[in-house]
There are 2 protein chains.
Amino acid sequence: MQKIKIEEKAVEDLLMKLAKVGQVGETGVSRLAYSPEWVEAVEICRAYGSAAGLEMRQDAVGNLWARLEGKTPGPVIATGSHIDSQDPGGRYDGALGVVAGLISLAALKEQAGQPEHTLEAVVLCEEEGSRFPTSGFWGSRGIVGKITPDDLQTTLSFAGEPIGAVMSGIGLDPTRVAEAVRGDIGAFIELHIEQGPILESADLPVGLVSAITGMGQFEITIDGQDNHAGAFPMDLRRDPMAGFAEIASSLIDHAHRLGRPAVTTIGQCKIEPGGTAVVPSRVTFSLDARHPDPEARRTLYATQDRLMSEICARRGLGYSRKQLINLEPCQSDAAILETMKTAANHLGTPHLKMVSGAGHDSQQMALIAPVAMIFARSAGGRSHTPEEFSTISDCTVGVNVLAQTLYQMGYGPPAPETIVQMDQRPVMH
Amino acid sequence: MQKIKIEEKAVEDLLMKLAKVGQVGETGVSRLAYSPEWVEAVEICRAYGSAAGLEMRQDAVGNLWARLEGKTPGPVIATGSHIDSQDPGGRYDGALGVVAGLISLAALKEQAGQPEHTLEAVVLCEEEGSRFPTSGFWGSRGIVGKITPDDLQTTLSFAGEPIGAVMSGIGLDPTRVAEAVRGDIGAFIELHIEQGPILESADLPVGLVSAITGMGQFEITIDGQDNHAGAFPMDLRRDPMAGFAEIASSLIDHAHRLGRPAVTTIGQCKIEPGGTAVVPSRVTFSLDARHPDPEARRTLYATQDRLMSEICARRGLGYSRKQLINLEPCQSDAAILETMKTAANHLGTPHLKMVSGAGHDSQQMALIAPVAMIFARSAGGRSHTPEEFSTISDCTVGVNVLAQTLYQMGYGPPAPETIVQMDQRPVMH
């Protein structure tokens, strides 16, 4: 089998060119959806693809597609990631998968010519929700048909602008978002930085992602009775802080004891009335809990709910739980995973089969196609910060595994188990 | 011994007259220091005292003094409380002691004539810190000489006004604050609502306060490492929320196990960066811990410090503790307590000897005179809220105990153990 070869310099050049657009400090990037920096970054991608002889097209939502037409009509093998960033984030989150897709298609065209099956690399317009807090996965939602006309009015930026108006402002036509929907994607593969420390602690450059974890975010409210911090004895208090502390300890310890890949995080907490000398009346906190196994995830949430309600009942505190986000776990397609493994082995690349604890565009794409992901090692597991870092060597190893996988899937006759027909694709959770 | 008799109607009339000044909703009061409502309330007190034939005088800080001159020159027996309120607070906090002092002196003048020793009732201008967050005890601090010229510039309202400028605005002369200092107070007695549930649970109308608890307020900072809530496994986290939860549980449980009168409250908490999907980097929280026994208080703080630093060290978290407030416990004068007890027994008033968990002006007055306090029962232990409530019956029982105590101390020859000469008064902690 032919080896597709991508050099570190190609990856470094395009990645660092994008890193300068919206640069913050030495290593930070702030490239918010539909901003001038975003427009500039998309144009860099368009110019790169055009120069490589790829057919470039921007859809109604603002996703940029690079196409390498295959000899045989049929489902498209797609790859890509998002071009927007946190505010500020780092140079690699999203950008690596964008760079990888464009460079892979350019390299495949140059080194292997026209493919049997059409390949596309997509520059997804938005994933982070860093300008419009409720817009997360906007680009991939557009492709899978999960943007409603209402969303264009009700999805507001932190500054209060409706996303539809902002799109119009840069020449997109929001009335045509439905035209961005794709019904012809046969597979989607995303390269992304890990954003965690697992590859680093395993001393491996890349991971093959077998599943994206399922996420639940909840808002929990504990009600007690506010009282004077000096005059009200401990034994007569109904202190929601005491209940919160026991709950937070219990939930964090419980997830720790379950072991990987279960995680539970309490990242926000509001205390009312919030006086230093006042026993609180109410503690409201955020609970983020994740597990990639559907059954284990249900059990996790049920156990947490029982723990919290028992603790509150025992302490005479009010308890309520509101689920704000529920993202089902997303299993990678077994056939694509197997192809990625063959590709990595063919390149002599050591790798880890692992689970993604973070959410990704691939979860949306899974609604219309089989998906799988490749992770590149993150230094210290840092992300969503300018401190985010991956070596160019690790990034390039990831791009090579992606390109080799696309080669195996796109060139030569389709293996029935790697290209799944649209009407036969497995139901996603 | 003569019984001084004060009717419920007198207490109710003056208390409810004040309750209308700055009224919020049905039962709330917002009477911030030096505000138009404050000026109006002080004028009501001045008019009441003048009508009763008391000699009225306002000092440079804005405290209003009502004087009933004694036959014998010497130290003054003083009573009173503060006229300002929380924003909004209730009708009784501070106001009860103001009303009690004025009515007691008026009743003593009418029912017992000129006293042997001079009596004064003071309407303290400020105690709550509800307009100027760092001004707490401003009135009594003026009397004991704890206001510096700097304080007039650096004590700012929530709106940013220096307290000195606000004082000038209502005709006080802040350059003369030193003139408010008193060197001739021989005893100070304060009637106040309990602000806790102890009298209610003991089914008693009044308490005789043997000590005001000592208070420490600390700002605690726990430092960890922020990471992605999904991608970073539990076993590799340094999560300051996990440390905070264990600390909050430990401290609250520890104070509970120590039993009354130890209390510990965590009323504020700030989580950084504060994302729902981000393991926090830092948790900062307020710690309020009180005990009336000096030795037990030192042990409490040392134990808490050791617990917190052990938990943080074990979890690989940074720990720092900054003390913001340190109010030493204040023991009531044994002789005044004994006189109050005799007075209560003479009136047939059942009472509880108890500790104050809240801070009071009496703590400041203790720097220049022996002090003691009387508490009136609070409904449900509620205070610093419009829901604060005490029955007029309980309030009047408290006023009668105060008036009877003042009668015993102010009429007839001084008992050496109740009037302590200035150069012989015990050193306060």
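From a predicted model like this one, the values you see are computed outputs, not experimental measurements.

On to the relation of the copies chain B and chain A, then. Rotating chain B by 180° and moving it 0.1 Å along the rotation axis overlays it on chain A with an RMSD of 0.1 Å. In short, the pair behaves as if placed about a two-fold rotation axis. No C-alpha of chain B approaches the rotation axis more nearly than that of Ala245(B), which lies at 2.2 Å. Taken as a fraction of all interface residues of chain B, those also at the interface in chain A reach 100%, which identifies the copy contact as same-surface.

This paragraph deals with the interface of chain B and chain A. Contacts between the two partners involve 52 residues from chain B, matched on the other side by 52 residues from chain A. For the side of chain B that touches chain A, the elements supplying multiple residues, two or more each, are strand S9 (214–223), strand S10 (227–228), helix H8 (240–258), strand S11 (263–265), strand S12 (269–272), strand S13 (278–279) and strand S14 (282–291) of chain B. For the side of chain B that touches chain A, the element with the highest residue contribution is H8(B), accounting for nine residues. Its residues assigned to classes, the side of chain B that touches chain A shows 24 nonpolar, 21 polar and seven charged.

Quick look at unusual backbone geometry now. Trans peptide bonds make up the majority, and among non-glycine residues the majority have a negative phi. Residue Arg260(A) is joined to Pro261(A) through a cis peptide bond whose omega torsion reads 5°. When you line up the elements, Pro261(A) lands in the loop between helix H8 (240–258) and strand S11 (263–265). Residue Pro273(B) is bonded to the preceding Glu272(B) through a cis peptide linkage, with omega at -5°. With respect to the helices, strands and loops of the structure, Pro273(B) is situated in the loop between S12 and S13. Unusually for a residue other than glycine, Gln195(A) sits at a positive phi of about 70°. Relative to the assigned elements, Gln195(A) resides in the loop between strand S7 (185–193) and helix H7 (198–202). In the Ramachandran plot, Phe137(B) falls in the positive-phi region, its phi being about 65° despite a non-glycine side chain. Its location among the elements puts Phe137(B) in the loop between strand S6 (117–124) and helix H4 (138–144). By the C-beta count within 10 Å, which is 25 here, Phe137(B) ends up buried.

Turning our eyes to something else, we now look at the environment of Pro386(A). All names here are of chain A. Of note, Pro-386 is situated in the loop between strand S18 (371–376) and helix H12 (392–410). C-beta crowding within 10 Å serves as the criterion here: with 19 such atoms nearby, Pro-386 is assigned to the partly exposed category. For the pair Pro-386 and Val-29, spaced 357 residues apart in sequence, the C-alpha to C-alpha distance is 6.9 Å. Once you skip the residues sitting within four places of it in the chain, Pro-386 turns out to touch Val-24, Gly-25, Thr-27, Gly-28, Pro-88 and Gly-90.

Attention shifts here to the packing of helix H3 (residues 95–112) of chain B against helix H12 (residues 392–410) of chain B. Residue and element names in this part refer to chain B. At a minimum axis separation of 9 Å, H3 and H12 run at an interaxial angle of 50°. For the element pair H3 / H12, the angle class is oblique. For H3 against H12, the interelement crossing comes out right-handed. Of H12, the residues touching H3 (which contributes Leu-96, Ala-100, Ile-103, Ser-104, Ala-107, Leu-108 and Ala-112) are Cys-395, Gly-398, Val-399, Leu-402, Ala-403, Leu-406 and Tyr-407. Along the lines of polarity and charge, the residues of the contact of H3 with H12 split into 12 nonpolar, two polar and no charged.

For the rest of this paragraph, the subject is helix H2 (residues 36–51) of chain B. All names here are of chain B. The end-to-end C-alpha distance of H2, which contains 16 residues, comes to 22 Å, matching closely the 22 Å that a straight helix rising 1.5 Å per residue would cover. Contacts from the buried residues of H2 go to helix H1 (8–19), strand S3 (55–58), strand S4 (64–68), H3 and S6. Gly-53, located one to two residues past H2, shows a positive phi value of around 85°.

A few words on the pairing of strand S6 (residues 117–124) of chain A. Residue and element names in this part refer to chain A. Of all eight residues in S6, eight are buried, a share of seventy percent or more. One ladder, built from five bridges, connects strand S4 (residues 64–68) with S6; its direction is antiparallel. Counterpart to Leu-68 in the pairing with S6 is Leu-119. Bridging between strand S5 (residues 72–82) and S6 involves seven bridges; their strand directions are parallel. Looking at the pairing, Thr-79 lines up with Ala-121 of S6.

Moving on, we get to the domain arrangement of chain A. All names here are of chain A. According to the domain assignment, chain A contains domain 1 (8–212 + 329–424) and domain 2 (214–327). Distance between the C-alpha centres of domain 1 and domain 2: 36 Å. Of the residues lining the interface, seven residues belong to domain 1; the matching set on domain 2 comes to 10 residues. Of the residues that constitute the side of domain 1 that touches domain 2, the class distribution is four nonpolar, three polar and no charged.

A separate point is the environment of Gly398(A). Residue and element names in this part refer to chain A. Position of Gly-398 among the secondary structure elements: in helix H12. Sequence separation of Gly-398 and His-351 is 47 residues, and the distance between their C-alpha atoms is 9.9 Å. Discounting residues that sit within four places of it in the chain, Gly-398 has contacts with Ala-100, Leu-191, Val-206, Ile-374 and Ala-376.

As for its position among the elements, Ser356(A) is in strand S17 (residues 351–356). C-alpha separation for the pair Ser356(A) and Glu194(A), spaced 162 residues apart in sequence, amounts to 7.5 Å.

Residue and element names in this part refer to chain A. Across the interface, helix H1 (residues 8–19) lies against H12 with an axial gap of 9 Å and an inter-helix angle of 105°. Taken together, the axes of H1 and H12 lie roughly perpendicular to each other. On the side of H1, the interface is formed by Glu-8, Val-11, Glu-12 and Leu-15, while H12 contributes Ile-392, Ser-393, Cys-395, Thr-396 and Val-399. Counted by class, the contact of H1 with H12 contains five nonpolar, two polar and two charged residues.

What follows deals with helix H2 (residues 36–51) of chain A. All names here are of chain A. Of all the positions in H2, only Glu-37, Trp-38, Ala-41, Val-42, Cys-45, Tyr-48 and Gly-49 are classed as buried. Along the axis of H2, the buried positions cluster into a sector of 135°, meaning they face one direction only. What points out from H2, more than 90 degrees from its buried face, is the exposed set Pro-36, Glu-43, Ala-47, Ser-50 and Ala-51. Among the structural elements, H1, strand S3 (55–58), S4, helix H3 (95–112) and S6 are those in contact with the buried residues of H2.

Conventions used here
- Residues numbered from 1 in each chain as written.
- Chains lettered and ligands numbered in written order.
- Predicted model: local features only at pLDDT ≥ 70, side-chain atom pairs only at ≥ 80, totals over all residues.
- Least-squares fit on C-alpha atoms with pLDDT ≥ 70 in both.
- Contact = placed C-beta atoms within 7 Å.
- Helix = DSSP H or I, 4+ residues; strand = E, 2+ residues; numbered from the N terminus.
- Nonpolar A, V, L, I, M, F, W, Y, C, P; charged D, E, K, R; others polar.
- Buried ≥ 20, exposed ≤ 12 C-beta atoms within 10 Å, placed from the backbone.
- Axes fitted to C-alpha atoms, helices over the stretch in contact; angles between N-to-C directions.
- Parallel < 35°, antiparallel > 145°, perpendicular 65-115°, else oblique.
- Left-handed = near helix turned anticlockwise from the far one by under 90°.
- Expected span 1.5 Å × (residues − 1).
- Pairing = 2+ DSSP bridges.
- Domains from an automatic or database assignment.
- Arc of directions from axis to C-beta.

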